[in-house]
Amino acid sequence: MRTAQATHLLAVLVVLPVASACQCGSPTNTDATDSHIADTETDPNATGVDTQSATGSDTGDPDNPNPEDPLEPGGYRFGIETSDGRNRIYEIYLPASVDQTQPAPVVFNLHGDRGSAELTPYYTQMNPTADAHGFVVVYPQGIQAAGADQYDPLATWNASAECCGDALEQNVDDVTYFRSVLAELKTQIWVDESRVYATGISNGGLMSYRLACEASDLFAAIAPVATAGTDWSTCALAQGVGIFQIHGTEDQCAPFTGGNNTCGGCVQDYSNTVFGTSLDLGLWSCDSIPDTLATWRALEGCPQGPGAETYSLGTALCKTWTPCNDDAKVTLCTVGNMGHTWPGGQHIEVCQTHPDNTFCQAWIDIVGEISTDISNDEIWAFFSAHASN
């Protein structure tokens with residue numbers, strides 16, 4: 001059980017990157033409606049997040065789903081009440097490069113275990129990719145520990161039978177939450193419903209697999225990063241879903257080879273190393289990543305051969321299986337020397353300013369190195385080749 005001191009210290013450390021690097025800032029009045037936290041037109045250093053209630057705008061003519069009053073480019077945070085009575089949040093990044101006279105593609109970017117919507121843009125560096133390619137990014141937020149404030153960054157997803165945290169313990173219906181967020185999003189911007197995608201790291205990547213399994217009618221493709229190998233053989237897909245798995249060979253939190261009681265443990269290891277706690281969040285057995293992808297190839301009707309090499313740079317090698325059902329592709333990208341990290345992303349901010357600091361060194365020792373041999377551009381290239389029927 002996590003101690004209160006460990007929880008507080010870990011939360012403070014995780015929040016550090018926000019002030020200087022995250023493009024989605026934290027509101028000062030979480031109950032405000034249409035409250036401008038920063039005006040990016042007059043203050044170039046502002047983070048530019050509006051806090052609003054997700055009541056949506058009138059979509060007008062049902063034959064034209066373009067909202068009459070769409071959002072302006074920038075960052076937004078919305079509150080939403082889900083069907084199970086929970087008050088939850090999500091954030092949107094709408095680049096100026098998105099042509100709002102046309103339906104826009106959308107990427108859901110999911111934080112990992114004990115992460116948050118607010119910190120994910122920093123760690124994944126997805127917003128610059130959205131700027132370059134003209135897609136909308138949604139940063140959803142999982143469930144915090146019982147009694148925590150809704151903006152507590154230590155959140156989890158109910159992604160599988162083994163993972164993770166309070167979301168799993170409370171059996172939270174996260175799939176319905178995603179359906180609700182997408183429904184609200186369609187009242188805020190003109191969404192291309194055939195081009196909705198999900199990516200995420202660790203617990204978030206595992207949740208993207210669950211979305212592919214249980215919401216294949218919504219998601220055209222997913223890109224899990226550094227996620228634990230899991231048996232998805234009981235999924236009944238409504239249609240083919242593209243799979244683009246990125247995994248480091250040096251991942252000690254979700255080992256590439258799987259194993260008995262080998263997955264999980266990064267949060268507790270870091271807390272115990274840095275803060276001297278005795279945290280025990282438990283480990284679980286997980287499948288190897290190749291076995292997980294073999295299961296998905298079977299589900300998707302893909303060929304079961306060795307796959308075709310479709311990307312190679314440095315230590316990164318991607319193999320793709322196609323044709324699969326509904327023109328979907330299944331790709332496994334193996335990255336040598338990469339740990340439990342986002343390729344092309346960032347470590348905690350102290351590693352940028354004080355790389356020899358104890359906090360930074362302990363973080364890198366436990367989660368491993370970041371690779372730049374593959375990046376968000378490859379994720380987007382895969383997504384853009386997939387559209388739902």
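Keep in mind it's a predicted model, so treat the numbers as computed, not measured.

Caption draft 1: Quick peek at the state of the cysteines. Across all of its chains, the model carries six disulfides by this definition. What pairs with C351 in a disulfide is C360, and their sulfur atoms sit 2.2 Å apart. Where C351 bonds to C360 through sulfur, the torsion about that S-S bond is close to 115 degrees, and the disulfide is right-handed. Overall, the relative accessible area of 12% leaves C351 in the buried class. Judged by its relative accessible area of 1%, C360 is buried.

Caption draft 2: Unusual backbone geometry, seen in detail. The residue after T322, namely P323, is reached through a cis peptide bond having omega 5 degrees. With respect to the helices and strands, P323 occurs in the loop between β15 (316–321) and β16 (330–335). The phi angle at Q125 is positive, at roughly 55 degrees, despite the residue not being glycine. Residue class for Q125 comes out partly exposed when judged on its relative accessible area of 25%. Even without being glycine, D327 reaches a positive phi, approximately 65 degrees.

Caption draft 3: How the structure looks around the pattern of salt bridges. Counting across every chain of the model gives nine salt bridges. R86 is paired through a salt bridge with D84; the nearest N and O atoms lie 3.1 Å apart. The exposure class of D84 is partly exposed, given its relative accessible area of 39%. Among the ionic pairs, R195 bridges to D192, the shortest N-O distance being 2.7 Å. What makes R195 partly exposed here is its relative accessible area of 26%. Residue classification places D192 among the buried residues on the basis of a relative accessible area of 14%. Taken together, the salt bridges that share partners define one network made up of R77, E91 and E118.

Caption draft 4: View of helix α11 (residues 358–367). Taken together, the buried positions of α11 are C360, A362, W363, I364, I366 and V367. Next to the buried residues of α11 lie α8 (266–275) and α10 (350–353). The first or second residue beyond α11 is G368, which carries a positive phi of 95 degrees.

Caption draft 5: View of helix α6 (residues 174–185). Taking 1.5 Å per residue as the helical rise, α6 with its twelve residues ought to reach 16 Å, and the 16 Å between its terminal C-alpha atoms agrees with that figure. All of the buried residues in α6 are D174, V175, Y177, F178, V181, L182, E184 and L185.

Caption draft 6: How the structure looks around the side chain of H347. Mapping H347 onto the fold places it in the loop between β16 and α10. For H347, the side chain forms a polar contact with the side chain of W363, separated by 3.3 Å. Leaving out residues up to four positions away in the same chain, H347 has contacts with Y122, Y123, T341, Q352, W363, I364, V367, G368, E369 and I370.

Caption draft 7: How the structure looks around the side chain of T120. Mapped onto the secondary structure, T120 falls in helix α3 (residues 120–124). When neighbours within four sequence positions are excluded, T120 is seen to be in contact with N109, H111, Q125 and Y139.

Parameters at a glance
What you see as residue numbers is a count from 1 along each chain, following the sequence as written. For this predicted model, a pLDDT threshold of at least 70 governs which residues receive local features, and a threshold of 80 or more governs which side-chain atom pairs are given and counted, while totals over whole chains, interfaces and linings are taken from all residues. Only hydrogens and water are set aside; all other atoms, that is, all heavy atoms of the structure, feed into the side-chain values. By definition, disulfides here are pairs of cysteine sulfur atoms that lie within 2.5 Å. Working definition: with a 1.4 Å probe on protein chains only, accessible area under 20% of the residue-type maximum means buried, over 50% means exposed, and in between means partly exposed. Helix and strand assignments come from DSSP, with helices taken as H or I runs of at least 4 residues and strands as E runs of at least 2, each series counted from the N terminus. Counted as salt bridges are all cases of a side-chain nitrogen of Lys or Arg within 4 Å of a carboxyl oxygen of Asp or Glu. Contacts are assigned to residue pairs with any non-hydrogen atoms lying within 4.5 Å of each other. What a helix is expected to span follows from its residue count: subtract one and scale by 1.5 Å. As used in this structure description, the phrase polar contact means that two N or O atoms lie within 3.5 Å; if the pair is within protein, one of them must be able to donate a hydrogen and the other to accept it, and residues adjacent in sequence are counted only when both atoms belong to side chains.

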